[in-house]
Amino acid sequence: MANLNQLTITEASKKLAAGEITSVQLTEACLAEIEKKNPSLNAYLEVFADALEQARLADERRALSLSKGLEISPLLGIPLAIKDNILIEGRTASAASKILENYVATYDATVIKKLKEAGAVFLGRTNMDEFALGGSTENSAYGPTKNPYDDSRVAGGTSGGSAAAVATHMALGALGSDTGGSVRNPASFCGVVGLKPTYGAVSRSGLIAAVSSFDQIGPITKTVEDAELIFNTIRGQDPLDSTSTENPKSEIRNPKKKIGVPRTLLEKGVEPDVLACFESSLEKLKGQGCEVVDIALPSLDYALSAYYIINFAEVSTNLSRFDGVRYGLSLKGESLFDDYASSREAGFGSETRRRIVLGTYVLSAGYYDAYYGKAVAAREQLRREYIKAFESVDFIATPTMPDAALVIGEKSDPLSLYLIDIFTVTANLTGNPAISIPMGTVEKEGKQLPVGLQLTAAHGDEAALFAAGKLLY
Ligand code: GLN
């Protein structure tokens with residue numbers, strides 16, 4: 001059977017259930033595509049040698065479950081790609097860093113445990129910005145992932161490998177992680193769907209921490225339906241993550257569907273052709289019975305600054321565990337301090353070191369109140385504004401990114417790269433769920449490049465995002 005790798009998860013799942021295909025065939029199709037495309041795209045850092053064996057076991061498990069009348073998960077035998085910062089027991093997890101190049105995970109992340117219970121097949125680990133710090137996968141210690149639509153451009157980041165793998169059918173779906181947009185940004189640049197769940201909806205146990213108060217693992221898929229399927233498999237309260245919550249499946253609160261658009265934010269530098277796509281997707285939503293209104297969210301102006309101060313602060317503390325003693329790369333110097341300094345200098349890339357230094361600065365006595373304290377206050381203010389906004393609208397809509405995929409090297413100045421996160425960071429500051437859905441393409445230098453629409457909903461209202469997403473895509 002040709003091109004099985006081009007199926008969506010939902011389609012493949014039906015075919016598997018009907019006995020029309022096997023997981024081995026599906027996995028073989030993905031592996032063949034990987035062999036063809038990965039050398040130029042650099043989406044996978046490693047393809048697992050036992051992927052076919054996992055598929056064979058999934059097929060066996062299906063036969064056994066059928067014979068015993070056991071329930072079968074829709075993900076049984078589905079080949080997925082996993083971002084390199086999510087632990088799978090016995091496999092390398094490097095967070096695309098030199099410091100963890102040879103680190104082998106000693107346990108499964110909770111999301112991995114859940115996917116294993118469902119019977120998913122892990123194809124390999126995908127490229128990302130080192131420790132999920134960046135927005136283009138250019139901060140990977142293993143080179144950038146190329147954009148599937150134009151290989152002179154980035155796939156986005158930080159989950160660039162996962163998004164490129166799904167967009168090019170090298171996997172049926174993938175997991176990414178989102179600290180300030182890292183699932184939604186590459187989903188937008190690669191023309192796929194990406195969900196950042198409500199903070200706490202998905203356990204962070206076994207996710208290599210970047211910013212613990214922002215990080216969430218989320219699905220990257222070809223369709224909204226597939227994102228829903230993965231989300232419902234990985235969600236749930238977990239005793240290993242005290243910030244996780246049960247987050248009961250919410251019903252759609254308001255069938256009218258009112259969409260708020262923070263117009264003043266859009267005036268801050270969205271490319272005109274991206275804006276045109278955005279307006280036309282709003283028109284489509286109106287055509288489906290939605291109402292579109294302007295909303296004011298005055299504290300959005302502070303979102304980027306607050307996000308980056310908190311990001312640096314938490315990165316500096318979270319990455320202090322990489323000391324050359326406990327994990328990964330270990331270099332010996334003249335003294336214990338030397339050991340730390342040389343291991344960290346050789347192991348961390350320049351963006352990671354920049355954030356550690358700045359984070360230490362904003363947390364230091366004398367500067368804490370001036371920076372970190374204010375950022376936390378701004379986050380609180382934004383949180384309140386969002387809660388208030390969701391009393392009158394069901395969604396907040398913006399483009400996911402202000403522009404289509406960047407040219408590789410285009411934003412070598414770190415500050416200019418931070419600015420592209422203007423629409424994505426707020427959902428991480430406020431903990432709301434947000435989804436990026438393809439909303440068309442824009443032309444750049446003769447190539448059609450995808451762009452995404454971002455919808456944000458009230459806490460725990462992923463169901464509303466999926467429902468609205470399905471209206472469009
Ligand atoms: N671009 C943002 C940052 O650099 C978001 C990264 C992420 O979501 N992991 O922090």
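Conventions used here
- Residues numbered from 1 in each chain as written.
- Predicted model: local features only at pLDDT ≥ 70, side-chain atom pairs only at ≥ 80, totals over all residues.
- Heavy atoms only, no water.
- Near = heavy atom within 4 Å.
- Polar contact = N/O pair within 3.5 Å; in protein donor to acceptor, adjacent residues only side chain to side chain.
- 1 Å grid on protein atoms, 1.4 Å probe; cavity = no way out; pocket = protein on both sides within 12 Å on 5 of 7 lines; lining within 4 Å.
- Sits in = over half its atoms within 2 Å of the grid points.
- Helix = DSSP H or I, 4+ residues; strand = E, 2+ residues; numbered from the N terminus.
- Nonpolar A, V, L, I, M, F, W, Y, C, P; charged D, E, K, R; others polar.
- Points joined across faces, edges and corners; volume = space filled by probe spheres on them.
- Salt bridge = Lys/Arg side-chain N within 4 Å of Asp/Glu carboxyl O.
- Buried < 20%, exposed > 50% of the residue type's maximum accessible area, 1.4 Å probe, protein only.

A.B. asks: Help me understand the site of the ligand, please; the structure alone is not making it clear to me.
C.D. replies: By nearness alone, 13 residues border the ligand, and Gly-134, Gly-180, Ser-182, Tyr-307 and Asp-421 come closest of all. Note that an oxygen atom of the ligand is positioned 2.6 Å from one of the backbone N or O atoms of Gly-180. Within the backbone of Gly-181, a nitrogen or oxygen atom sits 3.2 Å from an oxygen atom of the ligand. Because more than half of its atoms lie within 2 Å of the grid, the ligand is assigned to the largest cavity. At 3 residues, helix H10 (residues 303-318) tops the list of elements feeding residues into the shell around the ligand. Counted by class, the shell around the ligand contains 3 nonpolar, 7 polar and 3 charged residues.

A.B. asks: Looking at this structure, how should I read the layout of surface pockets?
C.D. replies: Empty space among the atoms can be located by rolling a probe the size of a water molecule over them. Computed from the structure, the largest pocket encloses a volume of approximately 310 Å³. For the largest pocket, the lining is made up of 16 residues, of which Tyr-107, Leu-207, Ile-208, Ala-209 and Arg-321 are closest to its centre. Taken together, the residues of the lining of the largest pocket sort by class into 9 nonpolar, 4 polar and 3 charged.

A.B. asks: Looking at this structure, I do not really get the pattern of salt bridges. What am I missing?
C.D. replies: Side chains that differ in charge, positive against negative, can pair when their charged atoms come close. Enumeration according to the criterion identifies 25 salt bridges in this entry. Glu-46 is the salt-bridge partner of Arg-125, the closest N and O atoms lying 2.7 Å from each other. Here Arg-125, found in strand S3 (residues 121-126), pairs with Glu-46, found in strand S1 (residues 44-47); they are 79 residues apart in sequence, far enough to count as distant. Owing to a relative accessible area of 12%, Arg-125 belongs among the buried residues under this scheme. A residue is classified by how much of its surface remains accessible, and Glu-46, at 27% relative accessible area, is partly exposed. One salt bridge in this structure joins Glu-279 and Arg-263, with 2.8 Å as the shortest N-O distance. Here the residue Glu-279 occupies a position in helix H9 (residues 272-287), and Arg-263 occupies one in helix H8 (residues 263-266), the gap between them amounting to 16 residues. With relative accessibility at 28%, the residue Glu-279 sits in the partly exposed group. Three or more residues joined by partner-sharing salt bridges are found here, namely Asp-150, Arg-153, Glu-445 and Lys-447.

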